[in-house]
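Letter by letter, the chains look like this.
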Amino acid sequence: MTSIDLNADLGEGFGRWRLTDDERLLSVVTSANVACGFHAGDASTMRRVCELAAGRGVRIGAQVSYRDLAGFGRRAMDVPPAELAAEVAYQIGALEVFARAAGSRVAYVKPHGALYNRVVRDEEQAGAVVDGVLLADATLPVLGLPGSRLLELAGKAGLPMVTEAFADRAYTDGGTLVPRRQEGAVVTDPQSVVARSVDLARHGEVDARSGRRIEVRARSLCLHGDTPGAVDLARRVRDALEASGVRVEAFV
């Protein structure tokens, strides 16, 4: 039977402000990408989400990013490699404290926002992320885009690589994500998102923005939690996957 992991970005709040419906999303997903305080999240939020995830058997992942609270981690930044590696390790370590306190552990690492897009092609920044993961825990899987420099360098360093796809993001013909600043970068029609999810899981294919059918082989499917109706859409995606014979389970 075909299987796939469902991951979502959680803990994306700060102080009294909350962006994602963490508790309800944790009833749908199998892996939680928890913000570690650099683009969103704080100590109380990380602790709360780790407790909720551990209680539901959901795997906890460190969603590391550039230090950019004001821009939600989506602004391009140039961070020296040694500094970026240290900041990646710092974020993983902070989340690990709360994961272990909840009876779980950090099970994988996924970059966020501008950093995620940067390490698809930028070898220096990708190498810095890998160095940061190695510094924190040399056994942690790295979640990223198929064909990215990040996964290539992670594999060379001996880190487990996990490929990821996005049902609600538009793709270029080359298999990369259309930048959010471009029109049509986010797929908003629920029926399209559901259909694309099943295609990705069962066939490893998706329609690019041009209409061309492209191959995207992924072990994990990302469901964004910061969009309107995110929880209901996530439930529809999971129900459709299971109805089509796809087993939904964590990759670790």
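Before reading on, note that the structure itself is shown above.
Residues numbered from 1 in each chain as written. Predicted model: local features only at pLDDT ≥ 70, side-chain atom pairs only at ≥ 80, totals over all residues. Heavy atoms only, no water.

A. Looking closely at unusual backbone geometry. Positive phi outside glycine occurs at F72, with the angle close to 55 degrees. You can see F72 is positioned in the loop between β5 (59-64) and α3 (81-101). (Helix = DSSP H or I, 4+ residues; strand = E, 2+ residues; numbered from the N terminus.)

B. Quick look at the packing of helix α4 (residues 113-121) against helix α5 (residues 123-136). Contact geometry of α4 with α5 gives a least axis separation of 6 Å together with a crossing angle of 115 degrees. Two packed elements cross with a definite hand, and for α4 against α5 that hand is left-handed. Facing L115, R118, V119 and R121 of α4, the residues of α5 in contact are E123, Q125, A126 and V129. Here the contact of α4 with α5 is composed, by residue class, of four nonpolar, one polar and three charged. (Axes fitted to C-alpha atoms, helices over the stretch in contact; angles between N-to-C directions. Left-handed = near helix turned anticlockwise from the far one by under 90°. Contact = heavy atoms within 4.5 Å. Nonpolar A, V, L, I, M, F, W, Y, C, P; charged D, E, K, R; others polar.)

C. Quick peek at helix α7 (residues 190-203). A rise of 1.5 Å per residue sets the reference length of α7, with its 14 residues, at 20 Å; its end C-alpha atoms lie 20 Å apart and thus fit the reference within 8%. Buried residues of α7: V193, V194, R196, S197, V198, L200 and A201, and no others. Buried residues along α7 sit against β1 (3-10), β8 (161-166), β9 (205-207), β11 (220-222) and α8 (230-243). The positive-phi residue at the C-terminal boundary of α7 is G204, with phi of around 65 degrees. (Expected span 1.5 Å × (residues − 1). Buried < 20%, exposed > 50% of the residue type's maximum accessible area, 1.4 Å probe, protein only.)

D. Quick look at the packing of aromatic side chains. Following the criterion strictly, the structure yields three aromatic pairs and no others. Taking the centre distance of 6.0 Å and the plane angle of 45 degrees together, the rings of F38 and Y90 count as tilted. Of this pair, F38 sits in the loop between β4 (31-35) and α2 (43-56) while Y90 is found in helix α3, placing the two residues 52 residues apart along the sequence. Taking relative accessible area as the criterion, F38 reaches 5% and is therefore assigned buried. Owing to a relative accessible area of 56%, Y90 belongs among the exposed residues under this scheme. (Phe/Tyr/Trp six-rings, centres within 6.5 Å; stacked < 30°, edge-to-face > 60°.)

E. Looking closely at the environment of V162. Here V162 is to be found in strand β8. On the basis of relative accessibility, which here comes to 7%, the residue V162 falls in the buried class. Apart from the residues within four sequence positions on either side, V162 is in contact with P141, V142, L143, G144, L151, R219, S220 and F251.

F. Spotlight on the state of the cysteines. Counting across every chain of the model gives zero disulfides. The structure places no disulfide on C36, whose sulfur is separated from the nearest cysteine sulfur, that of C50, by 8.4 Å. Under the relative-accessibility criterion, C36 is labelled buried at 4%. (Disulfide = S-S within 2.5 Å.)

G. Here's a closer look at the pairing of β8. Strand direction decides the pairing type here: strand β7 (residues 142-144) and β8, joined by three bridges, are parallel. Directly across from G144, in β8, lies its bridge partner T163. (Pairing = 2+ DSSP bridges.)

H. Local environment of the nonpolar core. Within the largest apolar cluster, 74 residues are counted, with the highest numbers of intra-cluster contacts made by I92, L95, V133, L221 and L241. For I92, the contacting residues outside a window of four places in its chain are A62, V64, V106, V109, G132, V133, A136 and L140. (Core = buried A, V, L, I, M, F, W, Y, C linked by side-chain atoms within 4.5 Å.)

I. Geometry of the packing of α3 against α5. At a minimum axis separation of 7 Å, α3 and α5 run at an interaxial angle of 40 degrees. One element, α3, and the other, α5, form an angle in the oblique class. Classified by chirality, the crossing of α5 by α3 is right-handed. Contacts from P81, L84, A85, V88, A89 and I92 of α3 reach α5 at E124, Q125, A128, V129, D131, G132, V133, L135 and A136. When grouped by side-chain class, the residues that make up the contact of α3 with α5 number eleven nonpolar, two polar and two charged. (Parallel < 35°, antiparallel > 145°, perpendicular 65-115°, else oblique.)

J. Quick look at the pattern of salt bridges. Within the structure shown, the criterion is met by 24 salt bridges. A salt bridge links E23 to R56; the nearest nitrogen and oxygen atoms lie 3.3 Å apart. Note that E23 is positioned in helix α1 (residues 22-25) and R56 in helix α2, a separation of 33 residues in sequence. Among the salt bridges present, the one from R217 reaches E215, with a minimum N-O distance of 3.5 Å. Accessibility expressed as a relative area gives 48% for R217, which makes it partly exposed. (Salt bridge = Lys/Arg side-chain N within 4 Å of Asp/Glu carboxyl O.)

These values are about where atoms sit, not about what they do.
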